[in-house]
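What follows is the residue order along each chain.
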Amino acid sequence: MSETLRPCWQNCILADDEHAMKDQELAEIDAMEDSLEPLDDNTVRIRELITCFESCYHEADCQALLIIEAIGSGRPPAESGDRPPQRKRDLQNCRDILSAWCEDRLDNVKDRDVGDIPAGRLAGYISERTPLRIWQVRRIIDKVTFALEPSKPYHNLVLNVGEYDEPGDESAGGFYSDDADFLARTVETVIHDTVDGRDAQITLAIAIDRLQPCNWNFVNNLVVLLKAVGSDLHPDESFACCERNILSTPLCERLRIISNTLRAFWKNEQADKRVDGDILALLGDGTPVKYWLAASLDKTISSQFDPDNVKRMYEWVVKWIK
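*Asks:* I'm lost on the overall build of the protein in this one. Help?
*Replies:* The number of helices and strands found in the protein is 14 helices and 4 strands. Computed over the C-alpha atoms, the radius of gyration of the protein is 21 Å, within 12% of the 20 Å expected from 2.2 N^0.38 for a compact globule of 322 residues. Along the longest, intermediate and shortest principal axes, the C-alpha atoms of the protein span 60 × 40 × 35 Å. Counting only residues that meet the buried cut, the protein has 51% of its 322 residues in that class. In the protein, 67% of the contacts between residues at least 6 apart in sequence involve partners at least 24 apart.

*Asks:* Sorry, what's going on with the packing of aromatic side chains here?
*Replies:* In this description, an aromatic ring pair is defined by two values, namely the gap between the centres and the angle between the planes. Under the defined criterion, the tally for this structure stands at 4 aromatic pairs. Of note, Arg 47 hangs over the ring of Trp 9, and the distance from its end group to the ring centre comes to 4.9 Å. Positioned above the aromatic ring of Tyr 154 is the side chain of Lys 143, whose terminal nitrogen or guanidinium carbon lies 4.9 Å from the ring centre.

*Asks:* Explain unusual backbone geometry here, please?
*Replies:* Among all residues except glycine, the phi angle is most often negative; among peptide bonds, the trans geometry is most common. Omega for the peptide link from Glu 37 to Pro 38 comes to 0°, which places this bond in the cis form. Tracing the sequence through the fold places Pro 38 in the loop between helix H2 (24–36) and helix H3 (41–51). Phi at Ser 231 is positive, roughly 80°, even though this residue is not glycine. In this structure, Ser 231 sits in the loop between helix H10 (218–229) and helix H11 (252–266). For Asn 245, which is not a glycine, the phi torsion comes out positive at approximately 60°. Note that Asn 245 resides in the loop between H10 and H11. Residue classification places Asn 245 among the buried residues on the basis of a relative accessible area of 4%.

*Asks:* What is the right way to look at the pairing of strand E4 (residues 198–203) in this model?
*Replies:* On a regular strand, one side chain projects to one face of the sheet and the next to the other, so that they alternate. The sheet contact formed by strand E3 (residues 190–195) and E4 spans 6 bridges and is antiparallel. Following the sheet pairing, Val 195 is matched in E4 by Arg 198. The turn linking E3 back onto E4 is made up of 2 residues, and Asp 196 within it adopts a positive phi angle of 50°.

*Asks:* I keep staring at the nonpolar core and nothing clicks. Help me out?
*Replies:* The nonpolar side chains of a soluble globular protein tend to be buried, and buried together. If you look at the biggest cluster of nonpolar residues, it comprises 53 residues, and the most contacted ones within it are Leu 98 and Leu 157. Contributions of two or more residues to this core are made by helix H5 (85–102), helix H6 (119–126), helix H7 (131–148), helix H8 (180–188), helix H9 (204–209), H10 and helix H14 (307–318). Per-element accounting of this core gives the leading share, 9 residues, to H10. Counting 40 residues, the second largest nonpolar core, distinct from the first, contains Phe 53, Cys 56, Leu 293 and Phe 305.

*Asks:* Looking at this structure, how should I read the side chain of Lys 299?
*Replies:* With respect to the secondary-structure elements, Lys 299 resides in helix H13 (residues 288–304). The residues touching Lys 299, leaving out its near neighbours within four places in the chain, are Trp 9, Asp 23, Glu 25, Leu 26 and Ile 29.

*Asks:* Would you mind showing me how to read the packing of H3 against H13 here?
*Replies:* A pair of packed helices is captured by two measures, namely the crossing angle of their axes and the spacing between those axes. Between H3 and H13, whose axes approach to 10 Å, the crossing angle comes to 10°. It follows that H3 is roughly parallel to H13 by the angle criterion. The residues of H13 that touch H3, namely those facing Thr 43, Ile 46, Arg 47 and Ile 50, are Val 289, Trp 292, Leu 293, Ser 296, Leu 297 and Thr 300. Looking at the contact of H3 with H13 residue by residue, the classes come out as 6 nonpolar, 3 polar and 1 charged.

*Asks:* Please clarify how H6 should be interpreted in this entry.
*Replies:* Every α-helical turn comprises 3.6 residues, leaving residues that sit three or four positions apart pointing alike. Every buried residue of H6 is listed here: Ala 119, Leu 122, Ala 123 and Ile 126. For H6, the angular spread of the buried residues around the axis is 95°, confining them to a single face. Of the surrounding elements, those touching the buried residues of H6 are H5, strand E1 (113–114), strand E2 (117–118), H7 and H10. Among the residues trailing H6, Ser 127 stands out with phi positive, at a value near 75°.

*Asks:* Would you explain the state of the cysteines in this entry?
*Replies:* Two cysteines form a disulfide when their sulfur atoms are joined by a covalent bond. Counted by the stated rule, this structure contains 0 disulfides. Between Cys 102, a free cysteine, and Cys 94, which holds the nearest cysteine sulfur, the sulfur-to-sulfur gap is 11 Å. Taking the relative accessible area as the measure of exposure, Cys 102 reaches 4% and is therefore buried. With no disulfide of its own, Cys 241 lies 5.5 Å from the sulfur of Cys 242, the closest cysteine sulfur.

*Asks:* Any chance you could explain H7 here in plain terms?
*Replies:* Between its first and last C-alpha atoms H7 spans 25 Å; for 18 residues at 1.5 Å apiece the expected length is 26 Å, and the two agree. The element H7 is largely enclosed, with a buried count of 13 among its 18 residues.

Conventions adopted
In this numbering scheme, every chain counts its residues from 1 along its sequence in written order. Two thresholds apply to this predicted model, a pLDDT of at least 70 for residue-level local features and 80 or more for giving and counting side-chain atom pairs, whereas whole-chain, interface and lining totals are computed over all residues. Only heavy atoms go into the side-chain values, all of them from the structure, while hydrogens and water stay out. Helix and strand definitions here come from DSSP, where helices need a minimum of 4 consecutive H or I residues and strands a minimum of 2 consecutive E residues; each element is numbered from the N-terminal end. We compute the radius of gyration from the C-alpha atoms alone; for a globule the expected value is 2.2 Å times N to the 0.38, where N is the number of residues. Only protein chains enter the accessibility calculation, which uses a 1.4 Å probe; a residue is then buried when its area is under 20% of its type maximum, exposed when over 50%, and partly exposed in between. Here, two residues are considered to be in contact whenever any of their heavy atoms come within 4.5 Å of each other. Only Phe, Tyr and Trp rings take part, Trp by its six-membered ring, and two of them pair if their centres are within 6.5 Å. Stacked means planes under 30 degrees apart, edge-to-face means over 60, and tilted covers everything else. Here, over-ring charges are defined by two tests on the NZ atom of lysine or the CZ atom of arginine: distance to the ring centre within 6 Å, and angle to the ring normal within 35 degrees. Pairing between two strands requires that DSSP report at least two bridges joining them. Residues belong to one nonpolar core when they are buried, are Ala, Val, Leu, Ile, Met, Phe, Trp, Tyr or Cys, and are joined through side-chain atoms within 4.5 Å. Only the stretch in contact is used when fitting a helix axis, every axis being a line fitted to C-alpha atoms; angles between N-to-C directions are given from 0 to 180 degrees. Angle categories are assigned with fixed cut-offs, so that under 35 degrees is roughly parallel, over 145 is roughly antiparallel, 65 to 115 is roughly perpendicular, and the rest are oblique. Under the grouping applied here, Gly and all other residues not named as nonpolar or charged are polar, the nonpolar ones being Ala, Val, Leu, Ile, Met, Phe, Trp, Tyr, Cys and Pro and the charged ones Asp, Glu, Lys and Arg. What the arc measures is the spread of directions leading from the helix axis to the C-beta atoms. Disulfides are defined as pairs of cysteine sulfur atoms found within 2.5 Å of each other. A helix is expected to span 1.5 Å for every residue after the first.

This is how it looks when you write it as structure tokens:
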């Protein structure tokens, strides 16, 4: 196997992970790709969709089916790039409610909600307005604004990584040099929750950096952050992101079935786990290209749910602090 992993695996296993380098199944899938070269444009585009797939996405099951339909037909789907309407509404309301709280004009948005949580309750989690709390809430607003308007970048507080966890191109925290005290106090604020049922901790600064508007747990994550800003550091819910509490996603079982079905298809053998006959029908008759793409999506999903991989991913992310 080569000394470095191929870029197409960047969303499931780290390129410098020695455990991944010993993964024989990964080597088998890469060998399948080598036997197909050169790849046509449609195949390349479908593989790119797999590289962008994240099991923590709140509609990951729908995204997986889109990719599977593409594998079966040999044609990439026509994607609009727009967020699902309900999630876009939640993000817009979140920004408006938090902005109104910062400006002491909450009455203007009292009829709004985020995920059925009324504006007044969200504001109540933060409690009284102080300069520090306003500064911290504005960082949450910045993160949500970036999701709605990519031209307005979010500047990380502590994690020196880019949007897709690549090494960052600016010094984390450097943007806030004029607010060093607020930044330090945010870094020092520690949230006590759980990871996969075990007691855990995460700083408020890291949690804000890892707030992912497309995450399945966005609303609960927002509540965790607002409670922490309001000095409640022992939330009822746990903070989740792509490398933290991913096993808690309500789509976990469905995605495992999708992975099992893809595996039964590309290995062309009787499945020993539950499979979905409708997915097999979408895939149609097997071909070398279909087998490779199905194997790639199967490996991506199973890797993202592997507890050891998840743990190593989180350790990798937090090492890029400042």
